[in-house]
Amino acid sequence: MNDHENPFAAFGPVEAKPVGKIQKITGNLLHRSWTSIPHVTHNDQADVTEFEARRRAWNDAHPQAKVTPLAALIKASVSALKAMPIFNSSLSPDGATLFTKRYFHIGIAVDTPNGLLVPVFRDCDRKSQTDIAEEVAAIAAKARTSGLSMTEMSGGCFSISSLGHIGGTSFTPIINAPEVAILGVTKVVDAPVREERDEISWRKLMPLSLSYDHRVINGADAARFVRHIAEKVAAIMPGE
Ligand code: CAO
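This section reports on the structure supplied with the text. (Residues numbered from 1 in each chain as written. Predicted model: local features only at pLDDT ≥ 70, side-chain atom pairs only at ≥ 80, totals over all residues. Heavy atoms only, no water.)

The next subject is the overall build of the protein. For the protein, the helix and strand inventory stands at five helices and 11 strands. Overall, the C-alpha framework of the protein stretches about 70 × 45 × 40 Å when taken along its three principal axes. Here the protein holds 240 residues, and 40% of them are scored as buried. Sequence-distant contacts, at least 24 apart, represent 62% of the contacts inside the protein between residues at least 6 apart. With the model as given, the accessible surface of the protein reaches about 13400 Å², and the carbon-plus-sulfur share is 56%. (Helix = DSSP H or I, 4+ residues; strand = E, 2+ residues; numbered from the N terminus. Buried < 20%, exposed > 50% of the residue type's maximum accessible area, 1.4 Å probe, protein only. Contact = heavy atoms within 4.5 Å. Areas by Shrake-Rupley, 256 points an atom, 1.4 Å probe, with all protein chains shown as cover.)

This is the structure in structure tokens:
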């Protein structure tokens, strides 16, 4: 690139490098989704105090079959999709037909050195949390080293983007079209909660951010859907 093509040359030294193939493709898909779908993000929290205690005890007793917060969220999302099938739907491009799926394939956003990839985990209704955790770890490692095929990234019903191992309190995930909703998860925090008779106790709260397609889903249903996920993840047993 010469100085003529570099719009910043007049202001100081600049490094220019071409945008990678994956980042270009993902960028175009995200842009199309963001500009064509009316997004709304609903924020809530799951009380995972007892879940985390059960999970830690399970993982100490079963070091070869660990349960992760993400696996529990996948199962909780499947439970919510079963209870509210409109979240497991896709709108036709002309907006005239709504397809409701009877399968439960969940996409997970994976951060790789080449950009964002979203592998799809099939039939999560028929898998345990330990199976899902193992599969996510294996596919995330593959995504980061050798990449994924289009088949491994297609056919999703609903996606989850977890930044929980990094931080954050909430964000607006972009819907992975033609899906109609995506769940964002940020870091569990210890927070004081007012109990009965005005006592204060410290609870572990997991922030949940659901972006949804407002052409298909209304705000009250989104609030119920996230509550379902929050209550399910709070109650889920590691063996499920
Ligand atoms: N709060 C606190 N800690 C959390 C957590 C949360 N919400 N979620 C996970 N963790 C912790 C886990 O407890 C685990 O620690 P322990 O081993 O001590 O139990 C650790 O983080 C790893 O958890 P995990 O195995 O469930 O996997 P993960 O949460 O790291 O998710 C993966 C895996 C592949 C989704 C993730 O590595 C990744 O790539 N995330 C990025 C997604 C992304 O970029 N989203 C943005 C898309 S828009 O640009």
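Within this structure, the stated rule accounts for 14 salt bridges. In this structure, Arg 126 and Asp 123 form a salt bridge, with 3.8 Å as the shortest nitrogen-oxygen distance. When its relative accessible area of 23% is taken as the criterion, Asp 123 is described as partly exposed. Between Glu 152 and Lys 142 there is a salt bridge whose closest N-O contact spans 2.8 Å. (Salt bridge = Lys/Arg side-chain N within 4 Å of Asp/Glu carboxyl O.)

So, on to a nonpolar patch on the surface. There is a patch of nonpolar side chains on the surface, built from Phe 8, Phe 11 and Val 14 and spanning about 360 Å² of accessible area. With respect to the element layout, Phe 11 can be found in the segment before α1 (21-36). (Patch = residues over 30% accessible without salt bridge, like charges linked within 9 Å, V, L, I, M, F, W, Y side chains within 5 Å.)

Among the structural elements, Val 67 can be located in the loop between α2 (49-61) and α3 (69-83). Given a relative accessible area of 1%, Val 67 falls into the buried group. Remark: the alpha-carbon pair of Val 67 and Lys 101, spanning 34 residues in sequence, is separated by 27 Å.

Moving on: the packing of α3 against helix α5 (residues 219-235). The N-to-C vectors of α3 and α5 enclose an angle of 135°; their axes lie 8 Å apart at closest approach. Here α5 runs oblique to α3, going by the angle between their axes. As α3 runs across α5, the sense of the crossing is right-handed. Taking contact as the criterion, the partners of Ala 72, Leu 73, Ala 76, Ser 77, Ser 79, Ala 80, Leu 81 and Ala 83 in α3 are, on α5, Phe 225, His 228, Ile 229, Lys 232 and Val 233. For the contact of α3 with α5, the residue count by class is nine nonpolar, three polar and one charged. (Axes fitted to C-alpha atoms, helices over the stretch in contact; angles between N-to-C directions. Parallel < 35°, antiparallel > 145°, perpendicular 65-115°, else oblique. Left-handed = near helix turned anticlockwise from the far one by under 90°. Nonpolar A, V, L, I, M, F, W, Y, C, P; charged D, E, K, R; others polar.)

The contact between α3 and helix α4 (residues 129-145) brings their axes to 8 Å, and the two run at 120°. Our classification of the angle between α3 and α4 gives oblique. In this structure, α3 crosses over α4, and the sense of that crossing is right-handed. Listed contacts from α4 to Leu 70, Ala 71, Ala 72, Ile 74 and Lys 75 of α3 are Gln 129, Ile 132, Ala 133 and Val 136.

Once that is clear, we can look at α4. Given 3.6 residues per helical turn, the α-helix brings residues three or four places apart onto the same face. Helix length check: α4, at 17 residues, gives a terminal C-alpha distance of 24 Å against a target of 24 Å (1.5 Å per residue), a fit within 8%. All buried positions along α4 are accounted for by Gln 129, Thr 130, Ile 132, Ala 133, Val 136, Ile 139, Ala 140 and Ala 143. Structurally, α4 contributes buried residues whose contacts are with α2, α3, β5 (110-112), β6 (115-117) and β7 (120-121). Once α4 ends, the next one or two residues include Gly 147, with phi positive near 80°. (Expected span 1.5 Å × (residues − 1).)

Turning next to the site of the ligand. Not every one of the 21 residues close to the ligand is listed here, only the nearest: Asp 111, Arg 144, Ser 161, Thr 186 and Val 188. Separating a nitrogen atom of the ligand from a backbone N or O atom of Gly 164 is a distance of 3.3 Å. Thr 186 places a main-chain nitrogen or oxygen 3.0 Å from a nitrogen atom of the ligand. Compared with its free state, where it exposes 970 Å², the ligand has 70% of that area covered by protein. Among the secondary structure elements, those contributing two or more residues to the shell around the ligand are α2, α3, β5, α4 and β8 (158-162). (Near = heavy atom within 4 Å. Polar contact = N/O pair within 3.5 Å; in protein donor to acceptor, adjacent residues only side chain to side chain.)

Turning next to the packing of aromatic side chains. Applying the stated criterion to the full structure yields two aromatic pairs. Between Phe 87 and Phe 225, the aromatic rings sit 3.9 Å apart at their centres with planes inclined by 10°, giving stacked as the arrangement. Of this pair, Phe 87 sits in the loop between α3 and β2 (89-91) while Phe 225 sits in helix α5; the two residues are 138 residues apart in sequence, bridging distant segments of the chain. Take Phe 87 and Phe 225: they sit in the same class, and that class is buried. Centre to centre, the rings of Phe 158 and Phe 225 are 5.6 Å apart; their planes meet at 70°, and the pair counts as edge-to-face. Here Phe 158, found in strand β8, pairs with Phe 225, found in helix α5; they are 67 residues apart in sequence, far enough to count as distant. (Phe/Tyr/Trp six-rings, centres within 6.5 Å; stacked < 30°, edge-to-face > 60°.)

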